[in-house]
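The residues making up each chain are set out below.
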Amino acid sequence: MSRAAFPENFVWGVSTSAYQIEGANVADGRGPSIWDTFSDSQTACDHYHRYTEDVGLLKDLGVTAYRFSVSWPRVVPGGSGRVNAAGLDFYEKLVDELLGAGITPYATLYHWDLPQALEDEGGWAVRDTARHFADYARVVHDRLGDRVDTWFTLNEPWVAAFLGYGSGIHAPGRTSPADAFRSAHHLLLAHGLATGALRAAGASKVGLILNFGPVMTPGQVGDLSMELAEEDAEAVARIDTLMHRQFLEPVLRGAYPADLLPLVERTAGLDHIHEGDLADISRPIDLLGVNYYAPTVVQAQPSQPADPAYPGSAGILFCTVPTAVTAMGWPIVPNALPLLLRRLSREYPDTQLMITENGADFVDVITGDGIHDVDRINFIEEHLRALRVSIEEGARVGGYLLWSLLDCLEWADGYQRKFGVYHVDFATQRRRPKDSAYWFRDVIKRNGLAESRPKRPTLETVAARAGVSRATVSRVVNGEAAVSSDVRTAVMQAVQELGYVPNAAARSLVTRRTDSIALVLSVPRPGGEALTAAVVQYVTSVLEGAGKRITLMVADTAESHRRIVQHAEARLVDAVILLPPSPDRTDTLTERLIRTGLPTVLLGKPSVASLVPYVDVDNSGGAAAVTDHLLSAGRRHLGIICGPLDLVAIQDRLTGHRTALERAGRHPLIATANLTTHSGAAAARQLLADNPRLDAVFATTDHLAIGALRAAREAGRRVPDDLAIAGFDDIEAASCTTPSLTTVQAPVADQAMALARLLLSRLEGRHTTSVIVPTRLVVREST
Ligand code: FCB
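In the annotation of an unreviewed UniProt entry, the chain is listed under the name Beta-glucosidase and assigned to Nonomuraea guangzhouensis. Under the UniProt heading Sequence similarities (unreviewed entry), the entry covering the chain gives this text: "Belongs to the glycosyl hydrolase 1 family."

Enquirer: So what's going on with the packing of aromatic side chains? Residues and values would help.
Expert: As enumerated under the stated definition, the model contains 33 aromatic pairs in all. Judged by centre distance (4.9 Å) and plane angle (75°), the rings of Phe90 and Tyr91 are edge-to-face. Note on Tyr91: relative accessible area 1%, which makes it buried. In textbook terms, an aromatic cluster arises when at least three aromatic residues are bridged by ring pairs, as seen for Tyr48, Tyr51, Tyr66, Phe68, Phe90 and Tyr91. Sitting over the ring of Phe90, Arg74 keeps its end group 5.9 Å from the ring centre. Above the face of the Phe728 ring, Arg653 is positioned so that its terminal group lies 3.7 Å from the ring centre.

Enquirer: Tell me about the environment of Ala681, residues and numbers included.
Expert: Here Ala681 shows up in helix α26 (residues 677–690). You can call Ala681 buried: its relative accessible area is 1%. A sequence separation of 205 residues divides Ala681 from Val476, and the C-alpha atoms of the two residues are 58 Å apart. Excluding anything up to four places from it in sequence, Ala681 contacts Gly707, Ala708, Arg710 and Ala711.

Enquirer: Please give an account of the side chain of Asp652 that cites residues and values.
Expert: Take Asp652: it is sitting in helix α25 (residues 648–663). Those residues within four positions of Asp652 in sequence are excluded, and the remaining contacts are Lys605, Asn619 and Ser620.

Enquirer: Can you explain the sheet that holds strand β3 (residues 104–110)? Please cite residues and give values.
Expert: Spatially, β1-β2-β3-β4-β5-β7-β10-β13 is the arrangement adopted by the eight strands of the closed barrel, whose pairing is parallel. The mean inter-strand angle of the sheet, taken between neighbouring strand axes irrespective of direction, is 30°. Here six bridges tie strand β5 (residues 205–212) to strand β7 (residues 287–292), and the two strands are oriented parallel to one another. Opposite Asn211, over in β7, you have Asn291 as the bridge partner.

Enquirer: Describe the site of the ligand, naming the residues involved and giving the relevant values.
Expert: The ligand sits among Gln20, His111, Trp112, Asn155, Glu156, Tyr293, Glu357, Trp403, Glu410, Trp411 and Phe419. In the model, an oxygen atom of the ligand is placed 2.9 Å from a nitrogen or oxygen of the Glu410 side chain. The separation between an oxygen atom of the ligand and a polar side-chain atom of Trp411 is 3.0 Å. When the ligand is considered free in solution it has 290 Å² of accessible area, and contact with the protein chains removes 94% of it. Of the residues belonging to the shell around the ligand, the class tally is five nonpolar, three polar and three charged.

Enquirer: Summarise unusual backbone geometry; cite the residues concerned and give the values.
Expert: Following Ala171, the chain continues into Pro172 via a peptide bond in cis, with omega recorded as 5°. With respect to the helices, strands and loops of the structure, Pro172 is situated in the loop between α8 (157–163) and α9 (177–200). Here the amide bond leading from Val719 into Pro720 is cis, since omega sits at 5°, within 30 degrees of zero. Of note, Pro720 is situated in the loop between α27 (702–714) and β24 (724–726). The backbone of Asp28 sits at a positive phi, close to 50°, despite the residue not being glycine. Locating Asp28 in the fold gives a position in the loop between α1 (18–21) and α2 (34–39). Residue Asp28 is classed as partly exposed on the basis of its relative accessible area, which comes to 46%. Even without a glycine there, the phi angle at Asn447 is positive, about 50°.

Enquirer: An account of the pattern of salt bridges is needed here, citing residue identities and associated values.
Expert: This structure, assessed with the given rule, holds 41 salt bridges. A salt bridge links Asp36 to Arg30; the shortest N-O distance between them is 3.1 Å. For the residue pair Asp36 and Arg30, the accessibility class agrees, reading buried in each case. As a salt-bridge pair, Arg283 and Asp280 come within 3.2 Å of each other at their nearest N and O atoms. Beyond isolated ion pairs, a larger network of salt bridges with shared partners links Asp89, Glu92, Asp96, Arg143, Asp146 and Arg147.

Enquirer: Break down the packing of helix α15 (residues 374–393) against helix α16 (residues 435–445) for me, citing the residues and quoting the values.
Expert: Where α15 meets α16, the axes come as close as 9 Å, and the angle between the chain directions of the two elements is 25°. Compared by their axis directions, α15 and α16 come out roughly parallel. Across the interface between the two elements, Arg376, Ile377, Ile380, Glu381 and Leu384 from α15 touch Asp435, Ser436, Trp439 and Val443 from α16. Residues that form the contact of α15 with α16 fall into these classes: five nonpolar, one polar and three charged.

Enquirer: How would you sum up the sheet that holds strand β6 (residues 215–216)? Please name residues and give values.
Expert: Judged by pairing direction, the sheet is mixed, and its three strands sit side by side in the order β6-β8-β9 without closing on themselves. In the strand order of this sheet, the two ends are held by β6 and β9 (316–318), each with one partner. Where β6 meets strand β8 (residues 296–300), two bridges bridge the pair, whose relative direction is parallel. If you follow Val215 over to β8, its bridge partner there is Thr296.

Enquirer: Tell me what's going on with the side chain of Asp730, and back it up with residues and numbers.
Expert: For Asp730, the location among the structural elements is in the loop between β24 and β25 (743–745). Residue classification places Asp730 among the buried positions, given a relative accessible area of 18%. Reaching out from Asp730, the side chain makes a polar contact with the side chain of Gln745 at a distance of 3.0 Å. If sequence neighbours within four positions are ignored, Asp730 has contacts with Asp702, Thr743, Val744, Gln745, Val778 and Arg780.

Enquirer: Break down the packing of α9 against helix α12 (residues 261–268) for me, with residues and values.
Expert: One way to put it is that α9 packs onto α12 with a least axis distance of 8 Å and a crossing angle of 130°. In terms of orientation, α9 and α12 fall into the oblique class. α12 is crossed by α9, and the crossing has left-handed handedness. Of α12, the residues touching α9 (which contributes Pro177, Ala178, Phe181 and Arg182) are Leu263, Val264, Thr267 and Ala268. Broken down by class, the residue content of the contact of α9 with α12 amounts to six nonpolar, one polar and one charged.

Enquirer: Explain the nonpolar core residue by residue, including any values.
Expert: Within the largest apolar cluster, 145 residues are counted, with the highest numbers of intra-cluster contacts made by Tyr110, Phe133, Leu384, Leu387 and Tyr400. In terms of residues, this core owes the most to one element, α9, which gives ten residues. Setting aside chain neighbours within four positions, we find Leu384 in contact with Phe6, Trp12, Tyr400, Trp439, Val443 and Leu449.

Enquirer: How would you summarise the pairing of strand β20 (residues 614–617) if you had to cite specific residues and measurements?
Expert: Here β20 shows no split at all, with Tyr614 and Asp616 on one side and Val615 and Val617 on the other all buried. Where strand β19 (residues 600–603) lies against β20, two bridges are found, and the strand directions are parallel. Its bridge partner being in β20, Leu603 is matched across the sheet by Val615. Pairing of β20 with strand β26 (residues 771–773) involves three bridges; the strand directions are parallel. Directly across from Val617, in β26, lies its bridge partner Val773.

The rules behind each value
- Per chain, residue numbering runs from 1 following the sequence as it is written.
- The predicted origin of the model limits local features to residues at a pLDDT of at least 70 and limits the giving and counting of side-chain atom pairs to 80 or more, whereas totals for whole chains, interfaces and linings rest on all residues.
- Computation of side-chain values covers all heavy atoms of the structure but excludes hydrogens and water.
- UniProt positions are given in the numbering used here, feature names are shortened, and annotations may be inferred rather than shown by experiment.
- Between the rings of Phe, Tyr and Trp (Trp by its six-membered ring), a pair exists once the centres lie within 6.5 Å; its type follows the angle of the planes, with under 30 degrees stacked, over 60 edge-to-face, and the other angles tilted.
- Only protein chains enter the calculation, and the probe is 1.4 Å; a residue is then buried if its accessible area is under 20% of its type maximum, exposed if over 50%, and partly exposed in between.
- In this analysis the charged atom, NZ for Lys or CZ for Arg, is taken to sit over a ring once it is within 6 Å of the ring centre and within 35 degrees of the ring normal.
- Helix numbers and strand numbers start at the N terminus; a helix is a DSSP run of H or I with at least 4 residues, a strand a run of E with at least 2.
- Between two residues, a contact is recorded if the distance between any of their heavy atoms is within 4.5 Å.
- Between any two strands, pairing holds if DSSP finds at least two bridges.
- Lines fitted to the C-alpha atoms define the axes, with helices restricted to the stretch that makes contact. Angles between their N-to-C directions range from 0 to 180 degrees.
- We call a residue near a given molecule or strand whenever any one of its heavy atoms falls within 4 Å of it.
- Polar contacts here mean pairs of N or O atoms no more than 3.5 Å apart (in protein, one a potential hydrogen donor and the other a potential acceptor; neighbouring residues in sequence count only if both atoms are side-chain atoms).
- Computed by Shrake-Rupley with a 1.4 Å probe, the accessible areas treat only the displayed protein chains as cover when residues are assessed.
- Three classes are used, and their members are as follows: Ala, Val, Leu, Ile, Met, Phe, Trp, Tyr, Cys and Pro are nonpolar, Asp, Glu, Lys and Arg are charged, and the others, Gly among them, are polar.
- The working definition used for a salt bridge is a side-chain nitrogen of Lys or Arg within 4 Å of a carboxyl oxygen of Asp or Glu.
- For this classification, under 35 degrees means roughly parallel, over 145 means roughly antiparallel, 65 to 115 means roughly perpendicular, and everything else is oblique.
- Each crossing gets its handedness from the near helix: less than a right angle anticlockwise from the far helix is left-handed, clockwise is right-handed.
- Only buried residues count toward a nonpolar core, which is a set of Ala, Val, Leu, Ile, Met, Phe, Trp, Tyr and Cys residues joined through side-chain atoms within 4.5 Å.

In C-alpha cells form, the structure reads like this:
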C-alpha cells in the first residue's frame, strides 16, 4: 500500500438521514414523528421525490456505498401495528435505484425520527418502545432483506437520549435527567432486540453507530500527550463514561461500566434495567459505526453545575478552545481520530470499525465559476490522512462515509448549516456540486489521497513534526504568548528543519479574517440610549472607513447571548465590540466571548476585573470635578443621589464624589435610587427631609437630577439660590430644564473613536491597554 493509498476494497461512501433530506412528511400515509412536532414539518431536500436525481449524484461521485436511514413513521405510521406499504415502496425503489447504479445500500433503522404516537405513550423513556422498534426492524427487513445486507440499528443513541430527553435541545425536547438515562437503556435494548430480530430474519451484517467526541482538556487539544492533573483526569474519565462507555461497554462487553451505575441509580433508579437485558444488548455485532466530528473539551471546575446533557457532570466545565473551528464552532482536531481509533482497537480488538460520519459545516460562497469550499476539502483531507495513519497502525477500519451528500436540515439548527458536498438551493431544490464533490470523486477514483504532496512544507507538516496541533503552530508563528516554552522550541525547531515559510493561512488560522466585526448591543440603561446610538454611528463609520463590515447583534435574551457566542466561536467575525452600558448584566456574556479567544473590546469598564481592554469615561474624575465646583461655589451640605451600585459607572461616580468631599474635610450624605426620574425625586425628598441644611445635590445621572429639580420645586426650594443641583452624562434634556442643569459631559465621539481605534490595534495584534476618556464639566443655571 503506497503512502497515500487505502486498502483494497476499502468502502467509500456518503451518509444521509431520512428526516434531514426526505421532506414529504405527510405524503403517502407517513405518520408524524417527534421532529415534525418539535420543528414543524419540513420540505428538506425533497429527496422523497428526487431520489433518482440524488442517486445520480452518488453515481457521479463514484461511491461504493450509500448509508441512508429509514423513517419509522413512514413505514409504521403509528409506531406499532399497521404497516404502511407505500412507505416501504419508497425504500424499495431507492434500494433498486442504488443497486442499479452499482452502489451498496446501508440502511440505518433509527436516525432520531421516533413516531409521535410512541412519544405520546412515553417515548424512549418507556420500555415498550424498544419492543416496537424490533417489530419495525423485522418489517423493514422482510421487504428489503433480499437486497440490503448491511443494517445499522441506531444512529447515535447518546444524542437521542441525552439531547432529546436531557437537555431538550433535540426532539422531543424533554428536560428530565431520569428520562435521559432510561431512554439510553431502552435505546440500547432496542438495538439488542432489533439485532436479534434481524439475525433471525437472516440479515448478514448488523451494526450500531455511536457518536465519538474523544474527551480531552484544553491543554491536550494542543498536545495530546500532555499529562493531566488528577482532577482533570477524573473529569475526562467521567464524561467519557457518560458519552462513550455507557454504550460501548454494554454492547461489546455485556455490562455497564461500574462508575456509571451510581450516577444512573442516583438520577433514575435502576428499576428500568431488567434481568436479561444486557444479554440482549450484547448480542454480537459485525460492525461498529464511528461518527467523529470533534473532540469534547472539558476540565475540572468545582463550582460548575451539571450540564443537562450529561447528568452527573457537576464540577466539570465544557470549554471552548482557541483552535481553528468549523462554522458550527466545532474545533478541528484531526489528530484526535487516530487517538480514538487506537483506543477502540486496544479495548475492543475484535470489533470491525467503519467511519460512518465525518465532515464539516463551513460557510459556502457561490461564485460565477463554482463553490470553492477549500476549508471543507482541507478538513476531509486532514481527517483522511489521520485515518490512513490509523489503518497503517492496524486499526480495523473498513470504510469512510462522508457526512454528507447534500446540504440539508441540520436538526434544531435548521438549514443554515452546510455539510454537503452538493449545495442545495432550498427555493428551487437545485443541486450544485461544490469543489469538494469533485475532490472526493478523485479520492474515490484513486482509492486514496493524491501522492504528490505540496513541495513546500505546510502547517500540517510542521504540526506533525513537532507533535502539536495546527492551531499551536499557528499560535507560535503568530507570536502569541500562551504557549509553553517547550512547545515553542519544538515548533521552531520543526519550522527550521523543514524550511517552513508561514503563509497567510497559517498566520490567520487563529484569527481567520472575515473583515467583519460584530457590534453587540445590550439594552441601554435609561439615559444611555443616546450614547448607544451615537457610538453605533461613529464606530460604524470609522470601521467601515477601515474596510470592515459591521454586524449589529442585540444581546437581550439568553438565546441571543447563545447565538452571539456561537457566532464568535464559528469565527464568522474577526472581533467583537460589546456595548454594555449596564456592564453588570452582560458580564457573563463578556466572559463567554473572551473564552472564544476572539479579540474583544468593551465600552464601559466591566465589573469583574479582566484583561479585556475597554473604553470608559473618567467617571470618578468627573464626579470629583462637579463636587469641587459645588464646594467652590460655597456649598457646604452636599447630598448625593446614587443610582444602583451594581453599575460600575455609578460606583466610580460615588468614589469621585467622596474623594472630593474628603479633601474638603466633609462627609457624603447618600440617598439611593434606581435609574428613573421618579426615584430621583423620591431620593431628593428624602435628602431634604433628613438634612434641613442641605444646600446642594449631586445626582449620579441627569435623569436622577431632573427628578431632584422637580422635588426641589415641590418643596418650595429655589434652584440654585437655596439648593444647587448637578447631574452627570449631559443628556439632551439637561440643557432644556428650568433652570438648565449643570452636569458632566462624557464625550460620545471621543469614546466611540477610542473604541474603534482600540479595536483596530487589537486586530493588528498590537498590545493594547484600556482607555479612559476625560470628562468635561458643563456649568449651567442649576448651580
Ligand atoms: C451527527 C448526526 C447527523 C448530522 C451530523 C452533523 O451527529 O448523526 O445527522 O446532524 O451530526
